[in-house]
Amino acid sequence: MAIIAPDIGIDLGTSNTLVYVKHKGVVLNEPTLMVVTGGQKKSVKAFGEDARLMLGRTTGEYQSVRPLEDGVIKDYDMTEYMLEFFIRKAIGMSRLVRPRGLITIPSPVTAIERRAVREAAENAGIRKGALHLIEKPFAAALGSGLPVFEPRGSMVVDIGGGTAEVAVISLGDIVTSCSVRVAGDKFDEAIISYVKKKYNLLIGERTAEEIKIAIGSAFPTGSEEDRASVEIKGRNLVDGLPKNVTIHADEVREALADSVMIVVDAIKDTLEKTPPELAA
């Protein structure tokens, strides 16, 4: 009896990759990250969550690699290895059984970038001729339950790791869109820079992301969350010793303000380009 692989959907993000398996739901949600060693011929030591746990704790011979940058493939070979690992981990089958697949891509990608995603996915184990690419904003709107196939405008703002994408959708297609290279990773960098400037404290990407998730916000709500705080650990840049400081939600909001405004401006630009009948 022939073994048929389940259909899968892959949200290939700059920071995180999700894999959905038909009839099972999302079975994998891990960082789009690898730890490699070696020179020209790199050897992969860890993928995903295992690689994240090693972040900032490795020796000189180990190197952290993000194979995607701003939503598109930066390192083709590493992307292929990572996709193969995630696909096999999600469906638990050999390379002889190749599933049909759907992968999300940023809306402004070029034909060359589309081909790179397709070839990497097919080489990683997706059945040739059975791979479909879908723009991230459209997938986000569809998954959110917006009426994307109706003759009225639906706006979605998809803030990922490398890019923030804004799109207005109607009748099953993207009418107008805007993409800016300011998203989760830039938010983390802004927090690192703020803490370094205000407290003379050096923190890593992992700590910055934890701060963002715990108490990050774009606008005060007047709730108890506005007064939240977290204690963070880092290296004092003055004497080089470990140091603990407490950072508050309003400070994180101040750190994120410039990056958030770039996303807000992208929303305004998209609305300005939207036909009046849909913008209404």
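Note that the structure is a prediction, hence the values are computed from the model and not measured.

A. Examining the sheet that holds strand E2 (residues 16-21) more closely. Strand order in the open sheet formed by five strands is E3-E2-E1-E9-E10, with mixed pairing between adjacent strands. At either margin of the open sheet sits one strand with a lone partner, and together these are strand E3 (25-31) and strand E10 (131-135). The average angle at which neighbouring strand axes cross in this sheet is 20°, direction not considered. Two elements, E2 and E3, share six bridges in a ladder whose sense is antiparallel. Counterpart to Thr-17 in the pairing with E3 is Glu-30. Contacts from helix H4 (residues 136-143) reach strand E1 (8-12), strand E9 (101-105) and E10 within the one sheet, and its direction differs from that of E10 by about 85°.

B. Seen up close, the packing of helix H2 (residues 76-91) against helix H3 (residues 111-124). Their axes nearest at 8 Å, the elements H2 and H3 cross at an angle of 50°. In terms of axis orientation, H2 runs oblique to H3. For H2 against H3, the interelement crossing comes out right-handed. Across the interface between the two elements, Tyr-76, Thr-79, Glu-80, Leu-83, Glu-84, Ile-87 and Arg-88 from H2 touch Ala-116, Glu-119, Ala-120, Ala-121, Asn-123 and Ala-124 from H3. Its residues placed into classes, the contact of H2 with H3 shows seven nonpolar, two polar and four charged.

Each value, and the rule that gives it
- Residues numbered from 1 in each chain as written.
- Predicted model: local features only at pLDDT ≥ 70, side-chain atom pairs only at ≥ 80, totals over all residues.
- Heavy atoms only, no water.
- Pairing = 2+ DSSP bridges.
- Helix = DSSP H or I, 4+ residues; strand = E, 2+ residues; numbered from the N terminus.
- Axes fitted to C-alpha atoms, helices over the stretch in contact; angles between N-to-C directions.
- Contact = heavy atoms within 4.5 Å.
- Parallel < 35°, antiparallel > 145°, perpendicular 65-115°, else oblique.
- Left-handed = near helix turned anticlockwise from the far one by under 90°.
- Nonpolar A, V, L, I, M, F, W, Y, C, P; charged D, E, K, R; others polar.

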